[in-house]
Amino acid sequence: MSFQRLEVQSFGGPDVIQWVQDETLPEPGAGEVRIRVEASSLVFTDMLIRRNLYPVLKLTLPLTLGYDFVGRIDRIGAGVTRWRVGDRVADLIQLGGNATHLVRPAASLVAVPQGLEATQVEPLILSYMTAYQALFREGGAKAGDAVLICGASGAVGLAALDLCRAFGVRAVGVASAKREQAVTRMGAAFVAYDQIGSSLRLDRWSRELGGFAVVLDAARGEALSSLMARLAPAGRLVVAGFTAALRAGQGAGKWRGLMAKLGLGFDFVRIKSMSSMPFLSQRVVFYDVSGQRAEHPAHFQDDLTMLLSLLEAGRIAPHVQRVFGLDEAVEAHRLIETGQVEGRIVLDLTRPAAHHPERRRRPGVPEHAALETQAAG
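Structure report, in brief. Since this is a predicted model, take the numbers as computed values, not measurements.

### Let's talk about the pairing of strand 2 (residues 17–22)
Taking burial as the measure, the 6 residues of strand 2 include 5 buried ones, the bulk of the element. Relative to strand 2, strand 1 (residues 3–8) runs antiparallel, the two sharing 6 bridges. What sits directly across from Q4, in strand 2, is Q21.

### Description of the side chain of E342
If you trace the backbone, E342 turns up in the loop between helix 11 (329–337) and strand 16 (344–348). Separated by 3.3 Å, the side chains of E342 and H319 make a polar contact. Residues contacting E342, with those up to four places away along its chain left out, are S153, L158, R179, A182, R185, H319 and Q321.

### What about the sheet that holds strand 10 (residues 170–175)?
A sheet is described by the order of its strands in space; here 6 strands give the open sequence 11-10-9-12-13-14, paired in parallel fashion. The open sheet has two edge strands, strand 11 (189–192) and strand 14 (284–286), and neither has a second partner. The sheet shows a mean angle of 20° between the axes of neighbouring strands, taken without regard to direction. Relative to strand 13 (residues 231–239), strand 12 (residues 212–217) is paired through 5 bridges, and the arrangement is parallel. Opposite F212, over in strand 13, you have L231 as the bridge partner. The sheet contacts of helix 3 (residues 155–167) involve strand 9 (146–150), strand 10 and strand 12, and relative to strand 9 the element is tilted by about 160°.

### What about the packing of helix 2 (residues 118–138) against helix 10 (residues 297–312)?
Two numbers describe how helix 2 lies on helix 10: the axes approach to 9 Å, and their chain directions differ by 115°. Here helix 2 and helix 10 pass one another in a crossing that is right-handed. Residue-level inspection shows Q120, V121, L124, I125, Y128, M129, Y132, Q133 and R137 of helix 2 in contact with helix 10, the latter providing H299, F300, D303, L304, M306, L307, L308 and L311. By residue class, the composition of the contact of helix 2 with helix 10 is 12 nonpolar, 3 polar and 2 charged.

### What about the packing of aromatic side chains?
Centre-to-centre distance and the angle between the planes together describe a pair of aromatic rings. What the rule picks out here adds up to 4 aromatic pairs. Taken together, a centroid distance of 5.9 Å and an interplanar angle of 90° make the contact between Y54 and Y67 edge-to-face. One end of the pair, Y54, is in the loop between helix 1 (44–50) and strand 4 (63–64); the other, Y67, is in the loop between strand 4 and strand 5 (68–76), and 13 residues separate them in sequence. Judged by relative accessible area, which is 0%, Y67 ranks as buried. With 6.2 Å between their ring centres and 45° between their planes, Y132 and F167 make a pair best called tilted. Of this pair, Y132 sits in helix 2 while F167 is found in helix 3, placing the two residues 35 residues apart along the sequence. The class for Y132 is buried, based on a relative accessible area of 14%. What makes F167 partly exposed here is its relative accessible area of 27%. Each member of the aromatic cluster is reached from another via a ring pair, and the members are Y132, F136 and F167.

### As for helix 11
Along helix 11, the positions that sit buried rather than exposed are A329, A332, H333, L335, I336 and E337. A positive backbone phi angle near 70° is found at G339, which sits one or two residues after helix 11.

### Observations concerning the environment of V20
The residue V20 is located in strand 2 in this model. Classification of V20 as buried rests on a relative accessible area of 1%. Remark: the alpha-carbon pair of V20 and S2, spanning 18 residues in sequence, is separated by 10.0 Å.

Conventions and cut-offs
Residues numbered from 1 in each chain as written. Predicted model: local features only at pLDDT ≥ 70, side-chain atom pairs only at ≥ 80, totals over all residues. Heavy atoms only, no water. Buried < 20%, exposed > 50% of the residue type's maximum accessible area, 1.4 Å probe, protein only. Helix = DSSP H or I, 4+ residues; strand = E, 2+ residues; numbered from the N terminus. Pairing = 2+ DSSP bridges. Polar contact = N/O pair within 3.5 Å; in protein donor to acceptor, adjacent residues only side chain to side chain. Contact = heavy atoms within 4.5 Å. Axes fitted to C-alpha atoms, helices over the stretch in contact; angles between N-to-C directions. Left-handed = near helix turned anticlockwise from the far one by under 90°. Nonpolar A, V, L, I, M, F, W, Y, C, P; charged D, E, K, R; others polar. Phe/Tyr/Trp six-rings, centres within 6.5 Å; stacked < 30°, edge-to-face > 60°.

Right, dumping it as structure tokens:
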């Protein structure tokens, strides 16, 4: 059995992704387990990492992509008593999930029911976690509230609409006109941001509903002042994504692309600053899933366990547009970059490949040493 992964040795477009393998599997140390990965992330955040644009993570090369994973434990390290070989587990890790095998601290893992489909579980770890914590932990949404979801057809947006439906929250979703069906089939009202009069329609919804209890901005395509004006008196704006600014720079030439990236950085810093000001912190929140995980690890465990129970009960149903194998990763990342993904796409690490990856090792480094260094990262 070989150890295969998606590796980035230089930052850039989809073509920098390399599918590589080593013959030696990583081994767990004390307090660790090895997992045979079943499914992992293919999300906009992975694209930001590949381009070195992710604002909350300092990156060094080479790196293996993959913000999360679900899989089965296949080896136990010394001192681990909670887990057994064959147990299914999941975790949010930021890097390294796009690999057939992982070594992780046993204490960080969340149990996954045996009967669930891995490609349905995987969207819960990042996309649904972001949507749930942004809406309910940060935003304080409750049954009967009205919420506005900007970027409603993306990974976090559709997850948010699915959760609103499950918890009895009334939702209005904003997306492009071609995504109307994706939003309305989740039971939400729809506003197309790329049609004339969209702002007036949002204003009308806000007036009729007495303002939104929560505005979840998963795109950053509209002015903060406009979004805040649509809040209810005690409402909260939760910012959880910056896709619009980056989309504006895609394929637009070097200068416009640079300006889009600078705009992203400015927007990020501004929102972080606003969310820390005493007189604004109750109105504007910047949500970072990894930061929340580090600050409140028990919340992550509890919330993912709850999301898994909702999936098991059939109360939520992640919208997975397509499942890819390791040998299709470049195609998957091209779809992400060109905005052709509705909801989620997922990497299946158990799918047989059509061809074999290139074996690689770092120059001048024995293969087992290179592997141990990569696995540790």
